[in-house]
Amino acid sequence: GATIVPAFDDARTIAGQGTVIREAVVALGDPERAASSSSFFKTGPGEYGHGDVFAGVPVPQLRKLARQFRRADMATCSALVADEIHEVRLLALLLMVAGWSSGRDDRAEWVQCYRDAIAAGHVNNWDLVDSSARQILGQWCLDNGDHTELVEYARRESLWDRRVGIIGTHAYLWVGDPTATLADVDGVLMLQLPSEVGSGVLQPASDTQAFTFGIGPALGRGKGNVLQMTATGDSFVFLGVTYRKQA
């Protein structure tokens, strides 16, 4: 039957309710889905999600819980995002997005809460990054007119920190501004922009042909492949092809 969980309509009852929220996630778990998710998110030895634990909860159900517990405070979100269960961390990030979106005077605190979660290694898979980086850090940088922090994240050694830096630029792309994305990749590849349309020319490592890709506003909804880049030094991997910086 349906799992019934309490709704916290009184803000005074929210603090310390992390256990209740976690139990709500676990109650919706499905072992078969958990096994499938573990495979899909590459949790085996040597894979990028090694050691991650799944309960087997579909994202639509997590979003429903996020609406139900949308008034969870920062302390609760910080506790939940440190959980070993992947879906609990995802729910925590959805709640952070809700807190950030509804905040007025405490947005600086919410974005720091998010930074702390990244620094602690809790935002450590692509779905976790993609559900939060644009909405929180990217929007913070856009609102403050400075994408320097996104560039700094994109230069880090950690794969997930780099993804935060790149996905965060979606906040700019959603309003038709590719400058933050270009700043992220500047120094990794040479981009030639022949028009305001925003097409880039990439030189493959084999030096045999050039490839083009779109960097326009359509990327704001995940339609572009630039977000699949993995940069290393003067080269990067894009759709399985290794490219190097043009001379």
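In this text, all values refer to a predicted model and were calculated from it rather than measured experimentally.

The rules behind the values
Residues numbered from 1 in each chain as written. Predicted model: local features only at pLDDT ≥ 70, side-chain atom pairs only at ≥ 80, totals over all residues. Heavy atoms only, no water. Axes fitted to C-alpha atoms, helices over the stretch in contact; angles between N-to-C directions. Helix = DSSP H or I, 4+ residues; strand = E, 2+ residues; numbered from the N terminus. Parallel < 35°, antiparallel > 145°, perpendicular 65-115°, else oblique. Contact = heavy atoms within 4.5 Å. Nonpolar A, V, L, I, M, F, W, Y, C, P; charged D, E, K, R; others polar. Core = buried A, V, L, I, M, F, W, Y, C linked by side-chain atoms within 4.5 Å. Buried < 20%, exposed > 50% of the residue type's maximum accessible area, 1.4 Å probe, protein only. Salt bridge = Lys/Arg side-chain N within 4 Å of Asp/Glu carboxyl O. Phe/Tyr/Trp six-rings, centres within 6.5 Å; stacked < 30°, edge-to-face > 60°. Polar contact = N/O pair within 3.5 Å; in protein donor to acceptor, adjacent residues only side chain to side chain.

(A) Highlighting the packing of helix 5 (residues 86-102) against helix 8 (residues 134-143). Remark: helix 5 packs on helix 8, axes separated minimally by 9 Å, with the N-to-C direction vectors making an angle of 25°. The pairing of helix 5 with helix 8 is recorded here as roughly parallel in orientation. Contact with helix 5, carried on its side by Met96, Val97 and Trp100, involves Gln135, Ile136, Gln139, Trp140 and Asp143 of helix 8 and no other residues of that element. Residues that form the contact of helix 5 with helix 8 fall into these classes: five nonpolar, two polar and one charged.

(B) View of the nonpolar core. Core analysis: the biggest nonpolar cluster contains 44 residues, and Leu91, Leu95, Met96, Tyr114, Val123 and Val164 have the highest contact counts within it. It is helix 5 that contributes the most residues to this core, 10 residues altogether. Leave out the neighbours within four places in its chain, and Val123 touches Leu93, Tyr114, Ala117, Ile118, Leu128, Val129, Ser132 and Trp160.

(C) The environment of His122, seen in detail. By the element assignment, His122 lies in the loop between helix 6 (107-119) and helix 7 (126-130). On a C-alpha basis, the gap between His122 and Leu90 in space is 9.6 Å, while along the polypeptide they are 32 residues apart. In this structure His122 touches Val81, Ala82, Arg89, Ala117 and Leu128, once residues within four positions along its chain are discounted.

(D) Summary view of the pattern of salt bridges. Going through the model one piece at a time under the given rule, you end up with seven salt bridges. In this structure, the salt-bridge partner of Asp52 is Arg89, at a minimum N-O distance of 3.0 Å. Taken as a pair, Asp52 in the loop between helix 2 (31-40) and helix 3 (59-68) and Arg89 in helix 5 lie far apart in primary sequence, 37 residues in all. Accessibility assignment for this pair places Asp52 and Arg89 in one class, buried. Two residues, Glu152 and Arg156, come together in a salt bridge whose shortest N-O distance is 2.9 Å. Under the relative-accessibility criterion, Arg156 is labelled partly exposed at 27%. Linked by salt bridges that have partners in common, Glu152, Arg156 and Asp161 make up one network.

(E) How the structure looks around the packing of aromatic side chains. Counted under the stated rule, the structure contains six aromatic pairs. Where Phe41 meets Trp126, the ring centres are 5.3 Å apart and the plane angle is 25°; that geometry is what we call stacked. Taken together, the residues span a long stretch of sequence, with Phe41 in the loop between helix 2 and helix 3 and Trp126 in helix 7 at a distance of 85 residues. Ring centres of Trp100 and Trp140 lie 6.1 Å apart, and the angle between their planes is 70°; this geometry places the pair in the edge-to-face category. You can see Trp100 sitting in helix 5 and its partner Trp140 sitting in helix 8, a full 40 residues away along the chain. Trp100 gets classed as buried once you look at its relative accessible area, which sits at 2%. Here the aromatic residues Phe40, Phe41, Phe54 and Trp126 are joined through ring pairs into a cluster of three or more.

(F) Highlighting helix 10 (residues 159-167). Most of helix 10 sits out of view: eight of its nine residues are buried. Of the residues making up helix 10, those classed as buried are Trp160, Asp161, Arg162, Arg163, Val164, Gly165, Ile166 and Ile167. Two or three places before Trp160, at the start of helix 10, stands the capping residue Ser158, its side-chain oxygen 3.3 Å from that residue's backbone nitrogen.

(G) Examining the environment of Ile136 more closely. For Ile136, the position within the fold is in helix 8. For Ile136, a relative accessible area of 0% gives the class buried. Beyond its immediate stretch of four places on either side in the chain, Ile136 contacts Met96, Val97, Trp100, Val111 and Tyr114.

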